[in-house]
Each structure stands twice: as structure tokens, then as C-alpha cells.
Amino acid sequence: MPDSLPLFEQGRHLLSVSQFDRDNLQALFDMADAVDPIAKRQAVCTVLDGAMLGSLFFEPSTRTRLSFESAFLRLGGEVTTTTGFTFSSMAKGESIADTARVVSGYSDVLVVRHPDEGSVAQFAAHSIVPVINAGDGTGEHPSQALLDVYTLQKELAARGKNVDGCHIAILGDLKYGRTVHSLIKLMGLHTGVTFTLFAPPGLELPVQIEHDAIAHGHTVRVMDDVEAAVTGADVIYATRVQRERMTDELAQANARGDLLNKSILTRADNLDAIIMHPLPRDSRPDSYDLSSDVDDLPGLAIFHQTDNGLNVRMAIFLTALGVTIEAVNLTSKRRPWKATLRPV
Ligand code: ASP
């Protein structure tokens, strides 16, 4: 994906985190804060009345698709959706270019997930409306990185810390985990971050991403022991093994048991760390993922990430469609009924 993409603003596609600078990142986060009453079901908003989202997911998704669609609906828009290749004309041999031109004629904005790296950019090149990349193979997942940094900021601020200068341990499948690729790239906008990386053999981070982080002035430490990797980290970001994307690496990786659990954190003396994960967490036995025995720890932020995803995805739509915070406020009103959300 080219690094020279224009900044993400009205009428633009969102293909890569490289479209952000500190200013437009902060503007997006301000918008995400402003829509919080809508996300929290305290207010109803109709600012996107009459707008149509085309939601095209050619790869499995639960939270990304549902949160994008919920975000659009909660802003008063409407959604059309197709999932998988089987139910789309791509199964009849239609090209990305033709599909993109056709569906963009029906929608005001498109959200697209596709298994091939670079395919969403190709889609965007033939679309007549803005396209949001919801994951292109092992390439990028920009909206996830945006909600990750938004969450990181809030969790660190609650502890009197900043993203600048923080220490984040990133664990798991760093080779195929596109959320990690986008996250490390987006952290390039911050300063003095220490990344401690731990991956099973064969699933290490692509060297280019590591070099770019160092070129941004960050410190990158690569560890071969998970306990050492999480020791002293403010934040631990764990990812699942992307089994669907690999061939022989899995045998080489020898990834079994838990990637991270409470006893590892106890031995590392870091039970208070902020714990993040893009989800889904692979809960099958021996899946080599984050154990659910950490769920009662005070720093567990994985469901804060999913909740924050709604705010950030609303902000993405509002930005792409050129809607201001003032217009959102004008079209929002208190709900006549009370939502019963339990605090977590
Ligand atoms: N949901 C994330 C993604 O689509 C992470 C994952 O699948 O492991 O990349």
C-alpha cells in the first residue's frame, strides 16, 4: 500500500494508518469522544438520515462488521450488506473493479474486508464513494489500530501516563497479525515508545515494520521468553495465531498451551498491566492465545477496546462524510427510554 496516500478527511478513502498525522488523529479522537452519548445509548442521532452504507465482507468477521454497521445505524443511516464470496457475484467471476463500481453506485460509503493484501486499495480505485479498509489479508486493519490507540490513550491516562514514552509488549503471531502491523505503524506518530516483541519461531514481525519503528525513534526489543517480554510493560497486547493464513509455519512455531495467563503474569510481577487483544480470542484448548483466567485482573481492557470501536467507527464515517461535531449535536436528542447497560 503506498505511503503517499492523502490524509484521511472528507471524501477520502481510509486504506492505511499512514494517512494520519497527530492533528487529524486527535480530530478523529475528539469526534469519537463527542459521539459517546450516542454509543452509550443516552442519545439518539439522525445526522446520517438518508445515507446508505455498503458493507462488504469477503472474509469472516463479527465485531468489525457489526460495529461498523451499528455505528452507521446509530447515526441514523441505513445499511446494505453482503458476506462471503458465495453470496456475491465474485463467485461468478466478477472483478474487484466491476464490483466496486457497481456497489458504490448504491451507497454513500463502503466498508470492505477482503483476504488479499492490497485488494481494498484496488476496490477504492474503482469506487465512486469513500472506501474504508476493514482488513486486507495480512496487510492492514486501520480502524482496529485507531480504536487500539484510542483505548491505549484512555487506559494509560487513567493511570496518569501517556502513549508517548509508554512500554508496550506485543505477543503472539506478529507475522500474520495485521492489527499489530497497523498498530506499530500508527504508534509512529508518538514518541519514545518501547516495543517488546515476543513471537513463536517463524511468526516474527516483518523486519520492515521493526525498522520503521526504530526509524521513528522508538526502541524495539525482541525476546524469546514470554515472561521476560511482559516484565515491566505498561501494556500487553496479545494476538491469536492466524491459523487460516499459514501453511507450514504452524508446525515450526510449535505454539501450544497458553500464550499468556495469570501465572506468567504473576511470575513477571505484572498482574496490574493493561491487557489488550484485538479479539477474537481463540478459546479452544492449546490454541496458544490469551487465557480467560486473566479476565478478573484490573487491567483487562479487551472489552473496552470493543466498546470504543463503536465510537471510533462512528467518527470514521462522520469524517469521511464531512459531518461536523456541531451537526451531530444538533441532530441528537435524549432518549425517551433508559438503556440498561451494566458498568464493566
Ligand atoms: N479481528 C482481527 C482481524 O480481523 C484480529 C484477528 O482476527 O485475529 O484481524
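Right above here is the structure, for reference.
Quick look at the structure, then. These numbers come from a predicted model, not from an experiment.

### Remarks on the sheet that holds strand β8 (residues 219-223)
Phase 1: Taken together, the five strands give an open sheet; going across it, the order is β8-β7-β6-β9-β10, and neighbouring strands pair in parallel fashion. What marks the edges here is a single partner per strand, and that holds for β8 and β10 (274-276). Within the sheet, the average angular offset between the axes of one strand and its neighbour, ignoring direction, is 20 degrees.
Phase 2: Pairing analysis gives three bridges linking strand β9 (residues 235-238) to β10, with the strands arranged parallel. The residue bridging valine 235 from the neighbouring strand is isoleucine 274, located in β10.

### Overview of unusual backbone geometry
Phase 1: Look at the link from leucine 279 to proline 280: it is a cis peptide, with omega at 10 degrees.
Phase 2: Counting through the fold element by element, proline 280 comes out in the loop between β10 and α12 (302-320).
Phase 3: Of note in this structure, arginine 41 is not a glycine but carries a positive phi near 60 degrees.
Phase 4: With respect to the element layout, arginine 41 can be found in the loop between α2 (36-39) and β1 (43-45).

### Things to note about the nonpolar core
Phase 1: One finds Ile170, Met187 and Phe195 to be the most contacted residues of the largest nonpolar core, which totals 67 residues.
Phase 2: It is α12 that contributes the most residues to this core, eight residues altogether.
Phase 3: Beyond its immediate stretch of four places on either side in the chain, phenylalanine 195 contacts Ile168, Ile170, Ile184, Met187, Ala213, His218, Thr219, Val220 and Arg221.
Phase 4: In terms of nonpolar packing, the next biggest core, distinct from the first, is built from 28 residues, Leu171, Phe198, Val226 and Leu265 among them.

### Concerning the site of the ligand
Phase 1: As a structural note, the neighbourhood of the ligand is formed by Arg113, His141, Arg178, Thr179, Arg240, Gln242, Leu279 and Pro280.
Phase 2: Between glutamine 242 and the ligand, the recorded distance is 2.7 Å, taken from a side-chain N or O atom to an oxygen atom.
Phase 3: Here a nitrogen atom of the ligand sits 2.9 Å away from a polar atom, N or O, in the main chain of leucine 279.
Phase 4: Residues that form the shell around the ligand fall into these classes: two nonpolar, three polar and three charged.

### Details of the packing of aromatic side chains
Phase 1: Scanning the model with the defined rule gives four aromatic pairs in all.
Phase 2: Pairing phenylalanine 72 with phenylalanine 317 gives two aromatic rings, centres 4.9 Å apart and planes at 85 degrees, and the pair type is edge-to-face. Here phenylalanine 72, found in helix α3 (residues 63-74), pairs with phenylalanine 317, found in helix α12; they are 245 residues apart in sequence, far enough to count as distant. Taken as a pair, phenylalanine 72 and phenylalanine 317 share a single burial class, namely buried.
Phase 3: Of the aromatic side chains, those joined through ring pairs into one cluster are Phe68, Phe72 and Phe317.
Phase 4: Sitting over the face of the ring of phenylalanine 68, arginine 313 holds its NZ or CZ atom 4.8 Å from the ring centroid.

### Thoughts on helix α8 (residues 207-215)
Three- or four-residue spacings in an α-helix give side chains the same orientation, since the helix completes a turn every 3.6 residues.
Phase 1: Taken together, the buried positions of α8 are Ile209, Glu210 and Ala213. On an axial view of α8, the arc spanned by its buried residues comes to 100 degrees, and they lie on one face. Looking at α8, the residues exposed on the side facing more than 90 degrees away from the buried face are Val207, Gln208 and Ala215.
Phase 2: Against the buried residues of α8 lie α7 (178-186), β7 (194-198) and β8.
Phase 3: Immediately downstream of α8, the backbone of glycine 217 shows phi near 90 degrees, a positive value.

What counts as what
- Residues numbered from 1 in each chain as written.
- Predicted model: local features only at pLDDT ≥ 70, side-chain atom pairs only at ≥ 80, totals over all residues.
- Heavy atoms only, no water.
- Pairing = 2+ DSSP bridges.
- Helix = DSSP H or I, 4+ residues; strand = E, 2+ residues; numbered from the N terminus.
- Axes fitted to C-alpha atoms, helices over the stretch in contact; angles between N-to-C directions.
- Core = buried A, V, L, I, M, F, W, Y, C linked by side-chain atoms within 4.5 Å.
- Buried < 20%, exposed > 50% of the residue type's maximum accessible area, 1.4 Å probe, protein only.
- Contact = heavy atoms within 4.5 Å.
- Near = heavy atom within 4 Å.
- Polar contact = N/O pair within 3.5 Å; in protein donor to acceptor, adjacent residues only side chain to side chain.
- Nonpolar A, V, L, I, M, F, W, Y, C, P; charged D, E, K, R; others polar.
- Phe/Tyr/Trp six-rings, centres within 6.5 Å; stacked < 30°, edge-to-face > 60°.
- Lys NZ or Arg CZ within 6 Å of the ring centre and 35° of its normal.
- Arc of directions from axis to C-beta.

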